[in-house]
Structures are given as structure tokens and as C-alpha cells.
Amino acid sequence: MTHATPRTARFTLDPAFRVAPVSRRTFGSFVEHLGRCVYTGIFEPGHPAADADGLRTDVLELIRELGVSTVRYPGGNFVSGYRWEDGVGPVQDRPTRLDLAWHSTEPNTFGLDEFIRWTGKAGLEPMMAVNLGTRGVQEALDLLEYCNIPGGTRLSDQRVANGAKQPHGVRMWCLGNEMDGQWQIGHKNADEYGRLAAETGRAMRMIDANLELVACGSSGSNMPTFGQWEATVLDHAYDVVDYVSCHAYYEEKDGDLGGFLASAVNMENFIADVVSTADHVRAKKRAKKRINISFDEWNVWYMSRLQDEFPKDEWPVAPRLLEDHYHLADAVVVGSLLITLLRNSDRVTSASLAQLVNVIAPIMTEAGGRAWRQTTFHPFAQASRYAIGDVLRVEPVSPTYETAEYGDVDLLQAVATHDEQTGATTVFAVNRSQDAPLSLEVDTRAFGSVRLAEATTLAGDDAYARNTAEDPDRVTPQPNASAAVDGGTLRVSLPPVSWNVIRLVRS
Ligand code: AHR
């Protein structure tokens with residue numbers, strides 16, 4: 001590939017430009033009873049790598065490498081028709097049910113207690129969603145009692161009898177899922193949902209005052225009720241909840257790669273709009289606390305393909321659904337969305353990549369076969385590993401390019417983190433150009449003397465290159481030999497369509 005003349009982007013790094021501490025919860029993910037996320041994804045008794053609980057240890061290893069913090073469960077759309085009791089107790093007594101959300105059959109051989117055991121093995125913090133579609137306050141209270149009360153009540157004793165002596169201690173709870181969406185079982189208008197969320201949350205706090213509660217925001221900034229939904233829901237539930245959720249999925253449309261690479265502009269605006277709406281309600285209520293954002297579903301998702309794969313006349317168990325095979329450009333967009341989440345760490349304090357295994361996921365498995373890393377695995381794993389300490393605000397001066405959807409967009413997108421204790425500083429940067437490297441110059445003088453520890457790039461000649469089970473490392477981060485620090489300036493060449501991580505240490 002021949003590249004056009006490189007252009008230059010610049011910014012200044014300064015430890016004083018602190019946005020907020022990096023929240024580990026930014027690196028959350030999501031496991032839904034959907035397709036093969038649970039069955040043959042994380043759970044496959046009989047697989048050669050399965051442990052005594054039927055959990056795939058090859059997948060557990062990849063999850064640890066990915067650096068996931070929290071995990072949202074059990075849905076998603078699934079939760080709005082789910083009876084959590086179906087998934088606890090002796091497996092042979094559990095009912096088989098229709099899953100209306102995904103037109104599947106739910107065997108319930110994996111449920112709440114298996115999930116909690118799995119989070120323990122994977123080192124994850126569970127984040128539970130309650131069903132506010134077909135159910136309400138009482139069932140949410142029952143679930144909370146089962147999970148968090150040590151014992152001495154009917155439901156907590158049931159948990160103990162089911163083998164979980166210690167309470168599950170679940171702190172984060174989503175009050176329903178995407179209740180603004182017409183597709184949601186038990187869909188509600190904003191007043192109906194806001195009241196129900198407030199009532200449910202208030203009652204849950206009577207059991208445990210220390211919970212962190214998430215109210216459903218909009219399923220996307222393109223929803224017709226966006227903005228008004230958040231305002232109305234928070235009018236009802238402001239005192240009760242800690243977070244309002246955002247969900248956003250992106251895909252390349254009509255071959256517009258440039259527009260797709262700029263997807264983070266949409267996410268950035270989405271966050272700004274939800275923050276201002278939440279703060280507007282705060283001002284009206286003269287409230288002290290601020291509501292933060294739980295961006296608890298985000299990813300690249302080729303949603304336009306969903307209709308083709310949806311089972312029509314059958315109710316299969318764990319069908320292949322939403323198994324997007326990601327390419328390099330998808331990974332660059334995922335990296336760019338991570339940069340956006342980090343840039344907004346003062347208000348986005350929790351996020352979940354949707355989802356974790358097989359279903360629009362960074363990890364893929366074959367039933368009875370191997371597990372492997374998709375392209376999107378890499379930016380997530382690197383950001384989770386190296387975003388340590390505080391997020392630093394950077395204000396790049398960058399050449400731009402034109403997009404149909406967002407107008408002129410910077411070629412460079414970047415953020416940095418700095419760990420005061422170790423002196424480590426990391427720059428995360430995306431070059432959105434499709435045809436030219438971007439020369440990046442970073443003024444590092446505010447840190448005193450620093451040297452380069454490592455620079456890597458996720459790039460390649462083919463923006464549509466994918467990893468497969470047969471060729472799992474085709475797209476993987478490579479050293480970037482162009483990086484150097486000299487006279488207080490970091491200089492590095494960022495290849496076209498690339499995700500880059502540059503690590504500096506005190507010298
Ligand atoms: O993550 C897939 C689906 O996307 C979830 O079930 C739903 O909440 C969203 O619409």
C-alpha cells in the first residue's frame with residue numbers, strides 16, 4: 001500500500017490537566033442469556049477445558065487477559081421476561097422456558113449461583129439487572145434477599161441450601177433494561193418506568209442502603225424519546241438512583257468507512273447530552289448529588305444483519321446469534337470508543353462492553369473446540385492494562401477530514417493516563433485516516449525527564465482483516481519502531497486506520 005504524505009497532530013501532556021481517576025469499572029462487560037454467550041461460551045460441561053462446574057477454563061484465561069472488571073447479567077432484553085428462580089436449585093428441577101426476547105429455548109442449566117461462582121473464578125464484580133418488564137418490586141426484592149442477606153430468611157436460607165453459604169454481595173443493580181424500546185417486553189413510557197424504577201429502587205434500599213442503582217436511560221441517542229426520557233425518569237427517581245444508563249452500538253453503513261471511524265463523535269455528544277439532562281434535573285431539584293453515567297452497553301454491532309439470522313419457526317437452544325466477526329477497522333472504532341469513555345471519566349464511571357463471549361464479543365469459542373481473540377480484544381485489553389492512575393485531558397490540534405454524518409472530524413483522537421505513584425504515563429491514540437500515517441508530536445516537558453517504555457500499534461494494510469479460529473493472531477498489536485522521545489517531545493508515526501498505545505516512564 002502506498003501512503004499519502006503524512007500530516008502532523010500535536011498536543012501537550014501535563015499531570016495538572018486531571019479529569020478524574022481511572023475508574024476500573026470503565027472496563028466492565030456483559031453476559032446475557034443470548035445465543036452462545038452462556039451456553040458453549042462461558043459454560044460448556046463436557047468441553048475438554050471445562051472445570052468441575054462446567055466452566056470453560058480456556059475462556060476464563062482469556063477473560064483475565066482481557067482485564068474485565070464488572071460484568072452485567074443476565075440481560076439485556078432477556079431479563080425483561082426472566083424469572084430468576086428458574087435458574088437456582090437442583091438443575092434437574094429447573095424448568096425449560098421460552099425466551100421471547102431472542103426466540104430461543106432457555107434450559108436454565110446455568111443461573112444465578114453458577115454465574116456468581118463464575119465471577120469469583122474470573123475475578124469479576126457482578127452487576128445484576130432486575131426484570132421490570134414482566135415483573136416488579138416484589139420480585140426484585142426477592143432476588144436481592146436471595147443474593148445479599150447472609151441467612152435466616154426463607155430466600156437467603158434457600159441460597160445457603162443451594163450451596164452458596166456466603167451472600168453474593170451484589171452492589172450494582174440495573175433497574176430493568178432498555179425500557180424505552182418498543183421491542184422490550186413490558187415496554188413503558190417514561191412516567192410509567194420512572195415511577196416503577198423509583199419504587200423498586202426505594203424498596204431495594206430498605207434491604208440494603210449501600211446499593212448502587214442504575215436507571216434505564218435511552219437505548220440510543222436516536223430514540224424518539226431521547227432527552228425527555230432521561231429528564232422524566234430522573235424527575236421520578238433522582239433521589240433513589242446513582243446512575244442513568246446509556247447504550248450505543250455502531251456499524252459501518254453503506255461502505256462509509258470514514259463516517260464509521262468517527263463513531264466516537266456520536267458517543268461524545270451522547271454523553272454530553274445525558275450529563276446536561278441529568279444536571280438540569282439536579283438544578284431543578286436543588287439536589288447535591290450528581291447522577292453519573294453507566295454506559296452499560298456499547299460496541300460495534302452489525303445490527304443490520306440481525307434479521308437474517310433470527311430463528312423464525314424454531315425455538316433453538318443457544319443458536320448462533322449476533323456472532324459478528326470483527327475486522328481491524330472495528331477494533332480501531334472500539335479503541336476510539338474506549339478513548340471517549342476515558343475522556344469522560346468524571347461522569348462516565350461505569351461501562352460494559354456488550355458482550356463478552358460469542359455474542360458481539362471480543363472472545364469467540366467453538367463448541368468442543370478452541371477459544372480465540374477477536375481484533376476488538378486488543379484495544380480493550382491494552383486500555384484495561386495500561387490506563388492506570390488519573391485520566392489526563394489532552395486537547396489535540398489535528399488535521400481533519402470530512403464526514404457526511406459529523407462534518408469535519410479530527411484525524412487524531414487521543415487521551416492519556418498518568419500514575420503518580422510509578423510515574424508511568426500512557427497515551428492512547430487513534431489515527432482515523434484511511435490513506436496516510438499521522439505524525440504525532442506530544443510535548444512531555446511537564447513531566448520532567450521521561451523515556452519511552454513501549455509503543456505498539458494495531459494496524460495493517462487491510463482495514464478489513466479479521467482474526468479467525470485458524471488464524472487467531474492475524475490482527476494483533478505490533479511494536480511501533482517510529483516512536484522516540486527527544487528534548488521533551490514524543491514523536492511517533494501512527495499508521496492509517498490504527499489504534500496506538502505509547503507508554504512513557506520517568507527516566
Ligand atoms: O446486547 C444485545 C442487546 O442489545 C441487548 O439484549 C439489549 O439490551 C440491546 O438492545
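Further up the page is the structure itself.
Our subject in this report is the structure included herewith. Worth saying up front: this structure is predicted, and the values here are computed from it rather than measured. (Residues numbered from 1 in each chain as written. Predicted model: local features only at pLDDT ≥ 70, side-chain atom pairs only at ≥ 80, totals over all residues. Heavy atoms only, no water.)

1. Describing the pairing of strand 21 (residues 450-458)
Successive residues of a regular strand alternate their side chains across the two faces of the sheet.
Then, in step 1: Bridge count between strand 21 and strand 25 (residues 498-506): eight bridges; the pairing is antiparallel. The residue of strand 25 that forms the bridge with Leu 452 is Leu 504.
Then, in step 2: Relative to strand 22 (residues 478-479), strand 21 is paired through two bridges, and the arrangement is antiparallel. Bridge assignment links Thr 457 to a residue of strand 22, and that residue is Gln 478. (Pairing = 2+ DSSP bridges. Helix = DSSP H or I, 4+ residues; strand = E, 2+ residues; numbered from the N terminus.)

2. Here's the deal with the packing of aromatic side chains
Then, in step 1: For the structure shown, the criterion picks out 14 aromatic pairs.
Then, in step 2: Plain terms: the ring middles of Phe 226 and Phe 270 are 5.3 Å apart, the flat faces sit at 85 degrees to each other, and that makes the pair edge-to-face. Of this pair, Phe 226 sits in the loop between strand 9 (212-215) and helix 6 (228-237) while Phe 270 sits in helix 8 (residues 263-285), and the two are 44 residues apart along the sequence.
Then, in step 3: Measuring from centroid to centroid gives 5.6 Å for Phe 270 and Phe 295, while their planes differ by 75 degrees, and the two rings are edge-to-face. Taken together, the residues span a long stretch of sequence, with Phe 270 in helix 8 and Phe 295 in strand 11 (residues 292-300) at a distance of 25 residues.
Then, in step 4: Judged by its relative accessible area of 0%, Phe 295 is buried.
Then, in step 5: The structure contains a cluster of three or more aromatic residues connected by ring pairs, namely Tyr 39, Phe 43, Tyr 73, Phe 110, Phe 115 and Trp 118.
Then, in step 6: Sitting over the ring of Phe 30, Arg 72 keeps its end group 4.7 Å from the ring centre.
Then, in step 7: The positively charged end of Arg 393 is found above the aromatic ring belonging to Phe 17, 5.6 Å away from the centroid. (Phe/Tyr/Trp six-rings, centres within 6.5 Å; stacked < 30°, edge-to-face > 60°. Buried < 20%, exposed > 50% of the residue type's maximum accessible area, 1.4 Å probe, protein only. Lys NZ or Arg CZ within 6 Å of the ring centre and 35° of its normal.)

3. Some details on the environment of Arg 474
Then, in step 1: By the element assignment, Arg 474 lies in the loop between strand 21 and strand 22.
Then, in step 2: Assessed through its relative accessible area of 46%, Arg 474 is described here as partly exposed.
Then, in step 3: Distance in space between the C-alpha atoms of Arg 474 and Ala 354 is 23 Å, their sequence separation being 120 residues.
Then, in step 4: Not counting residues up to four positions away in its chain, the partners in contact with Arg 474 are Asp 462, Ala 465, Arg 466 and Asn 467. (Contact = heavy atoms within 4.5 Å.)

4. Quick look at the pattern of salt bridges
Then, in step 1: The full count for this structure, using the stated rule, is 32 salt bridges.
Then, in step 2: Among the salt bridges present, the one from Glu 125 reaches Arg 25, with a minimum N-O distance of 2.9 Å. A residue pair is termed long-range when its members are at least 10 positions apart, and Glu 125 in strand 7 (residues 125-130) and Arg 25 in the loop between strand 2 (18-21) and strand 3 (28-30) qualify at 100 residues.
Then, in step 3: The class for Glu 125 is partly exposed, based on a relative accessible area of 25%.
Then, in step 4: For Arg 25, a relative accessible area of 15% corresponds to the buried category.
Then, in step 5: Arg 56 is paired through a salt bridge with Glu 44; the nearest N and O atoms lie 2.8 Å apart. Here Glu 44 lies in the loop between strand 3 and helix 1 (57-66) and Arg 56 lies in the loop between strand 3 and helix 1, a separation of 12 residues in the sequence. With respect to class, Arg 56 is no different from Glu 44; both count as buried.
Then, in step 6: Bridged by salt links that share partners, the residues Arg 25, Glu 125, Arg 171 and Glu 212 form one connected network. (Salt bridge = Lys/Arg side-chain N within 4 Å of Asp/Glu carboxyl O.)

5. Re the site of the ligand
Then, in step 1: Every residue close to the ligand is listed here: Phe 30, Glu 32, Gly 76, Asn 77, Trp 102, Asn 177, Glu 178, Tyr 249, Glu 297, Trp 301, Gln 355 and Ile 360.
Then, in step 2: The side chain of Tyr 249 places a nitrogen or oxygen atom 2.8 Å from an oxygen atom of the ligand.
Then, in step 3: Taking Gln 355, its side chain carries an N or O atom lying 3.0 Å from an oxygen atom of the ligand.
Then, in step 4: Computed on the free molecule, the ligand has an accessible area of 280 Å², of which 96% lies beneath the protein chains in the complex.
Then, in step 5: Of the residues assigned to the shell around the ligand, the class counts are five nonpolar, four polar and three charged. (Near = heavy atom within 4 Å. Polar contact = N/O pair within 3.5 Å; in protein donor to acceptor, adjacent residues only side chain to side chain. Areas by Shrake-Rupley, 256 points an atom, 1.4 Å probe, with all protein chains shown as cover. Nonpolar A, V, L, I, M, F, W, Y, C, P; charged D, E, K, R; others polar.)

6. Observations regarding the sheet that holds strand 24 (residues 489-494)
Then, in step 1: Read across the open sheet, the four strands follow the order 1-20-24-23; overall the sheet is mixed. What marks the edges here is a single partner per strand, and that holds for strand 1 (7-12) and strand 23 (484-486). Neighbour to neighbour, the strand axes of the sheet diverge by 20 degrees on average, direction disregarded.
Then, in step 2: The pairing of strand 1 with strand 20 (residues 438-443) spans six bridges and is parallel. Bridge pairing in strand 20 places Thr 12 opposite Asp 443. (Axes fitted to C-alpha atoms, helices over the stretch in contact; angles between N-to-C directions.)

7. Examining the pairing of strand 17 (residues 407-410)
Then, in step 1: Relative to strand 17, strand 16 (residues 400-403) runs antiparallel, the two sharing four bridges. If you follow Glu 402 over to strand 17, its bridge partner there is Asp 408.
Then, in step 2: Linkage of strand 16 to strand 17, two consecutive antiparallel strands, is achieved through a turn of three residues.

8. Comments concerning unusual backbone geometry
Peptide bonds are trans in most cases, and residues, glycine excluded, mostly fall at negative phi.
Then, in step 1: Across the junction of Tyr 73 and Pro 74, the peptide omega takes the value 0 degrees, indicating a cis bond.
Then, in step 2: Among the secondary structure elements, Pro 74 is positioned in the loop between strand 4 (70-73) and strand 5 (97-99).
Then, in step 3: Residue Gly 75 is joined to Gly 76 through a cis peptide bond whose omega torsion reads 15 degrees.
Then, in step 4: With respect to the helices and strands, Gly 76 occurs in the loop between strand 4 and strand 5.
Then, in step 5: The residue Leu 322 is not glycine, and still its phi comes out positive at about 55 degrees.
Then, in step 6: Within the secondary structure, Leu 322 sits in the loop between helix 9 (306-309) and helix 10 (328-343).
Then, in step 7: Even without being glycine, Asn 358 reaches a positive phi, approximately 65 degrees.
Then, in step 8: Mapped onto the fold, Asn 358 is located in the loop between strand 12 (348-353) and strand 13 (363-365).
Then, in step 9: Take Asn 358: its relative accessible area is 0%, and that puts it in the buried class.

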